[in-house]
Amino acid sequence: MSRSAHPAGPRHADVLPEGHYFAPPADLNALDPKVWARTVTRTDTGAVSVGGLDVGALAEEFGTPAYVLDESDFRARCRAWHQAFGGEADVFYAGKAFLSRAVVRWLHEEGLNLDVCSAGELATALAAGMPAERIALHGNNKSTEEIQRAVEAGVGRIVLDSFQEIVRVAHIAERLGKRQRVQIRVTVGVEAHTHEFIATAHEDQKFGIALAGGQAAEAVRRALKLDGLELIGIHSHIGSQIFDMAGFEVSARRVVQLLADIRDEHGVELPEIDLGGGLGIAYTSDDDPREPHEIAASLTSIVTRECQAAGLAVPRISVEPGRAIVGPTAFTLYEVGTVKVLEGLRTYVSVDGGMSDNIRTALYDAEYSVSLVSRASDAEPMLVRVVGKHCESGDIVVRDAFLPADVAPGDLIAVPATGAYCRSMASNYNHALRPPVVAVNDGAARVIVRRETEEDLMRLDVG
């Protein structure tokens, strides 16, 4: 083992990596619209409001930490994706980013479809009234029970992820007297420029069936022979938090070539192609995400060009934005508990949440912004690390950021762009109670996912 290595990860003494210092923003009170939900503003009093409601009032009514979600922003982003493709594509919201019954209803009302990955997500979708034919079921290891529930409900598609699953879904569909619409998920060998743990199209990972070695072609052969399956298309997903469209171009080219090979071998032109999701959002001012209409134009152009070159009819495109819709619409509101100054290094600002409500910084080295939101401040900028209250040195919410030097216990700070994967991946570590999700819209606020209570914890602990 290397002298600098440790079984738990990098040495804890490696506090200040090369290039650590960076310039503070020109105005610590400014709120970058790329990062914050659309109705977030700083009022004349200096406090921040969202949907016309002061964050201080929200904290008083709902407590902290809390996820605060801008409903009008969420709906606007749904409409933007729907309109970007002009009805020429199917937009499936990736429910794993964040799902609740209220969100399902918003999706339904705004004309989007829904992608689910578990029995729980499927149950939530159906309970909230999403038509089953507008639901897709994903997952690399769907249980027999999950598949049966999906087929019985009549979901519009199941994305097949392995040779075993091809047979499993076909058998269940035949036993139920149904013919299930399916797509085959292929791994196309594209390295998305993203974190290793969220890159999903290289061959050495758990998702999909590889194009390499003819495995995807063999999966198609098997699916076409089974009476319980109606193969409608090919699915590809290259990763998450992606800004560069080049990976999608390579992926589309390889998937279209597979469609051409299927036509040549089987005399069948599959009618659909799903290019997945993974489009990035702005977590900091340095991020530069693309708008839905740009993405739609680019993907449509790529697929059309490749199909024309292969002599194929252009299939119907599907996309699966999740983070790109819900991520920017929410922020996490915290109360500062302690401020610990380490001379010559930085200041640690501890909040009343942490890795139990946002594991992404610890898991992915994710970067976030943070702002003082209960008041404005003219104090000098201070380099801080925003940390949680859990028993882990890796319990970091924002690794490096600037806050006013007069930040103090009792202040409210907020971390924007936490709508995706924060509540979904939240835990009860240290028996923390998972925060509520509070939806705000046009001067009104309501809880759409309530805060957990100690009674909730005890109810599961059967003793």
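Treat the numbers as computed from the prediction; the structure is a model and nothing was measured.

S.K.: Just checking my understanding: could you explain the sheet that holds strand 1 (residues 41–42) for this structure?
M.R.: Paired through backbone hydrogen bonds, the strands of a sheet run either parallel or antiparallel to each other. Across the sheet, which stays open at both edges, the three strands sit in the order 1-2-3 with antiparallel pairing between neighbours. Two strands in the sheet have a free side with no partner beyond their single neighbour: strand 1 and strand 3 (53–54). One ladder, built from two bridges, connects strand 2 (residues 48–50) with strand 3; its direction is antiparallel. Paired with Ser49 across the bridge in strand 3 is Asp54.

S.K.: It is not clear to me how the side chain of Thr418 should be interpreted in this structure. Could you clarify?
M.R.: On the secondary structure map, Thr418 appears in the loop between strand 19 (412–416) and strand 20 (437–441). Looking at Thr418, the relative accessible area reads 2%, which means it is buried. A polar side-chain atom of Thr418 sits 2.8 Å from a polar atom in the side chain of Thr332. Excluding its chain neighbours within four sequence positions, the residues that come into contact with Thr418 are Tyr67, Gly327, Ala330, Phe331, Thr332, Asn358 and Tyr368.

S.K.: Looking at this structure, how should I read the packing of aromatic side chains?
M.R.: How two aromatic rings sit relative to each other is given by the distance of their centres and the angle of their planes. Considering all chains together, one arrives at four aromatic pairs under this definition. Judged by centre distance (5.2 Å) and plane angle (80 degrees), the rings of Tyr283 and Tyr368 are edge-to-face. Of the two residues, Tyr283 sits in the loop between strand 12 (272–274) and helix 9 (292–310) while Tyr368 sits in the loop between helix 11 (360–364) and strand 16 (371–372), which places them 85 residues apart along the sequence. Each member of the pair Tyr283 and Tyr368 is classed as buried. These aromatic residues form a ring-pair network of at least three members: Phe74, Tyr93 and Trp106.

S.K.: Quick question: what am I supposed to make of helix 7 (residues 215–225) here?
M.R.: Helical periodicity: at 3.6 residues per turn, an α-helix aligns residues three or four positions apart in one direction. For helix 7, the set of buried residues is Ala216, Ala219, Val220 and Ala223. Buried residues of helix 7, viewed axially, fall in a sector of 100 degrees; they line one side. The inward-facing, buried residues of helix 7 abut helix 6 (163–175), strand 9 (180–187), strand 10 (209–210), strand 11 (229–235) and helix 8 (246–266).

S.K.: I would appreciate a short explanation of the nonpolar core in the present structure.
M.R.: Considering soluble globular proteins, one finds that nonpolar side chains tend to be buried as a cluster. Among the nonpolar cores identified, the biggest contains 108 residues, and Phe74, Tyr93, Ile158, Ile184, Ile234 and Ile413 are the most heavily contacted of them. Top element by residues in this core is helix 8. It accounts for eight residues. With residues near it in sequence (within four places) discarded, Phe74 still touches Leu69, Tyr93, Val103, Trp106, Leu107, Ile325, Val326 and Thr329. The next biggest cluster of nonpolar side chains, apart from the first, holds 21 residues, and it includes Ala59, Phe62, Val438 and Val440.

Rules used in this analysis
- Residues numbered from 1 in each chain as written.
- Predicted model: local features only at pLDDT ≥ 70, side-chain atom pairs only at ≥ 80, totals over all residues.
- Heavy atoms only, no water.
- Pairing = 2+ DSSP bridges.
- Helix = DSSP H or I, 4+ residues; strand = E, 2+ residues; numbered from the N terminus.
- Buried < 20%, exposed > 50% of the residue type's maximum accessible area, 1.4 Å probe, protein only.
- Polar contact = N/O pair within 3.5 Å; in protein donor to acceptor, adjacent residues only side chain to side chain.
- Contact = heavy atoms within 4.5 Å.
- Phe/Tyr/Trp six-rings, centres within 6.5 Å; stacked < 30°, edge-to-face > 60°.
- Arc of directions from axis to C-beta.
- Core = buried A, V, L, I, M, F, W, Y, C linked by side-chain atoms within 4.5 Å.

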